[in-house]
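Spelled out, the chains give:
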Amino acid sequence: MTKHPAIGILVGSLQASGLTRKFGNAIQQLGGDRGRFTIIEIGDLPLYNPDREAETPPAWTAFRAAVAAQDGILFITPEYNRSVPAPLKNAIDVGSRPYGASVWAGKPAAILSQSPGALGGFGANHHLRQSLVFLDMPTLQQPEAYIGHSAALFDDKGALAEGSGKTFVDSFITAVAAWVKRFSPPVV
Ligand SMILES: Cc1cc2nc3c(=O)[nH]c(=O)nc-3n(C[C@H](O)[C@H](O)[C@H](O)COP(=O)(O)O)c2cc1C
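All of these numbers come straight from a predicted model, not from anything done at the bench. Along each chain, residue indices are assigned from 1 in the same order as the chain's sequence is written. Restriction of local features to residues with pLDDT of at least 70 applies here, the model being predicted, together with a cutoff of 80 or more for giving and counting side-chain atom pairs; totals for whole chains, interfaces and linings are based on all residues. Excluded from the side-chain calculations are hydrogens and water; all other atoms, namely the structure's heavy atoms, are used.

S.K.: Help me understand the site of the ligand in this model?
M.R.: Any residue with a heavy atom positioned within 4 Å of a molecule or strand is treated as near that molecule or strand. For the ligand, the set of nearby residues contains 13 residues, the closest of which are Ser13, Gln15, Thr20, Glu79 and Ser115. Counted as a polar contact is a pair of N or O atoms within 3.5 Å, where, for protein atoms, one must be capable of donating a hydrogen and the other of accepting one, and residues adjacent in sequence contribute only when both atoms are in side chains. Here an oxygen atom of the ligand and a side-chain polar atom of Ser13 are 2.7 Å apart. Polar here means any residue outside two lists: the nonpolar Ala, Val, Leu, Ile, Met, Phe, Trp, Tyr, Cys and Pro, and the charged Asp, Glu, Lys and Arg; Gly therefore counts as polar. The residue inventory of the shell around the ligand, partitioned by class, reads four nonpolar, seven polar and two charged.

S.K.: Teacher, can you tell me more about the nonpolar core here?
M.R.: One recurring pattern in soluble globular proteins: nonpolar side chains tend to sit buried together. One finds Ile9, Phe23, Ile27, Leu74, Leu112 and Phe172 to be the most contacted residues of the largest nonpolar core, which totals 26 residues. Helical segments are the DSSP runs of H or I of at least four residues, strand segments are the runs of E of at least two, and each set is numbered from the N terminus. Among the elements of the structure, strand 1 (6-11), helix 1 (19-30), strand 2 (36-39), strand 3 (72-77), strand 4 (109-114) and helix 5 (164-182) are those that each provide at least two residues to this core. Top contributing element to this core by residue count: helix 5, with seven residues. Contact between two residues is taken to exist if any of their heavy atoms lie within 4.5 Å; hydrogens are not considered. Setting aside its immediate chain neighbours within four residues, Phe172 contacts Leu74, Ala110, Ile111, Leu112, Leu140, Pro143 and Ala145. One finds Leu10, Ile73, Trp104 and Ala124 within the second-largest nonpolar core, a separate group that totals 23 residues. Residues enter a nonpolar core if they are buried and are Ala, Val, Leu, Ile, Met, Phe, Trp, Tyr or Cys, with the set joined through side-chain atoms within 4.5 Å. Relative accessible area decides the class of each residue, using a 1.4 Å probe on protein chains only: under 20% of the type maximum gives buried, over 50% gives exposed, and in between gives partly exposed.

S.K.: Just checking my understanding: could you explain the sheet that holds strand 5 (residues 146-147) for this structure?
M.R.: Backbone-to-backbone hydrogen bonds join strands into a sheet, with any given pair of strands oriented parallel or antiparallel. Spatially, five strands are ordered 2-1-3-4-5 in an open sheet, and the strand pairing comes out parallel. The strands lining the two open edges of the sheet, one partner per strand, are strand 2 and strand 5. Between the N-to-C directions of two axes lies an angle of 0 to 180 degrees, each axis being a line fitted to C-alpha atoms and, for a helix, fitted only over the stretch in contact. Helix 4 (residues 122-134) rests against strand 3, strand 4 and strand 5 of the sheet, and its axis sits at about 160 degrees to strand 4. In short, DSSP must find at least two bridges between two strands for them to pair.

S.K.: What should I look at first to understand the packing of helix 2 (residues 58-68) against helix 3 (residues 86-96) in this one?
M.R.: A packed helix pair is summarised by two numbers, namely the angle formed by the two axes and the spacing between the axes. Packing of helix 2 against helix 3 leaves a shortest axis separation of 9 Å and a crossing angle of 80 degrees. Taken as axis vectors, helix 2 and helix 3 run roughly perpendicular relative to one another. Contacts between helix 2 and helix 3 pair Trp60, Phe63 and Arg64 from the former with Ala91, Val94 and Gly95 from the latter. Partitioned by chemical class, the residues of the contact of helix 2 with helix 3 number four nonpolar, one polar and one charged. To sort the angles, those under 35 degrees are grouped as roughly parallel, those over 145 as roughly antiparallel, those from 65 to 115 as roughly perpendicular, and the leftovers as oblique.

S.K.: Looking at this structure, how should I read the packing of helix 1 against helix 5?
M.R.: Relative to each other, helix 1 and helix 5 sit at 65 degrees, their axes nearing to 10 Å. For the pair helix 1 and helix 5, the sense of crossing is right-handed. Where helix 1 approaches helix 5, its residues Phe23, Ile27 and Leu30 are matched on the opposing element by Lys166, Val169, Asp170 and Ile173. Of the residues assigned to the contact of helix 1 with helix 5, the class counts are five nonpolar, no polar and two charged. Each helix crossing is assigned a hand: it is left-handed if the near helix lies turned anticlockwise from the far helix by less than a right angle, otherwise right-handed if that turn is clockwise.

From the geometry alone we can't say anything about function, so treat these as descriptive.
Here is the structure:
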């Protein structure tokens, strides 16, 4: 690890102009010298099918390498039917195989869920936590990040407007970077 941890962001919605990607973009911009935040794209990953490991799709190989290169992972997700969207679950499954070669194991993680509704994606956040337990990813507990009424937090240029939402996201970035550093070898 360099001085600043490399933190891969997985954006759980494929919608290019969606709120979830807006959070991803905002965190990249706000991160500053707290971490090197990079969005790892998941939209072109073929659906996971063990039969395909014999001739591994190049997109799977590139995705696994991109995740392996990170010091930690930040999942930013909306809620679909009280769970995570299928593309995010697919990315998790792709990274978890072949058996015994999961790129997730031991990698520190954090979750930010968001919804234009009131509940802030609580169901998605905790469904995702269930997978991260099995994947052996130590996951930031506090502060919890269930951001409700999220559409109201962005200005007409798609940036986080000044206010309590932006202040919370900023403090969350600090917590995520500190969490990832706890699991990384010291820089000498
Ligand atoms: C298939 C589908 C299921 C959804 N289910 C939920 C849900 O369970 N809870 C919720 O708060 N919002 C739900 N929504 C609304 C999403 O939270 C909302 O569309 C959100 O903006 C999606 O993120 P995005 O803007 O990044 O694409 C659902 C949307 C879709 C398309």
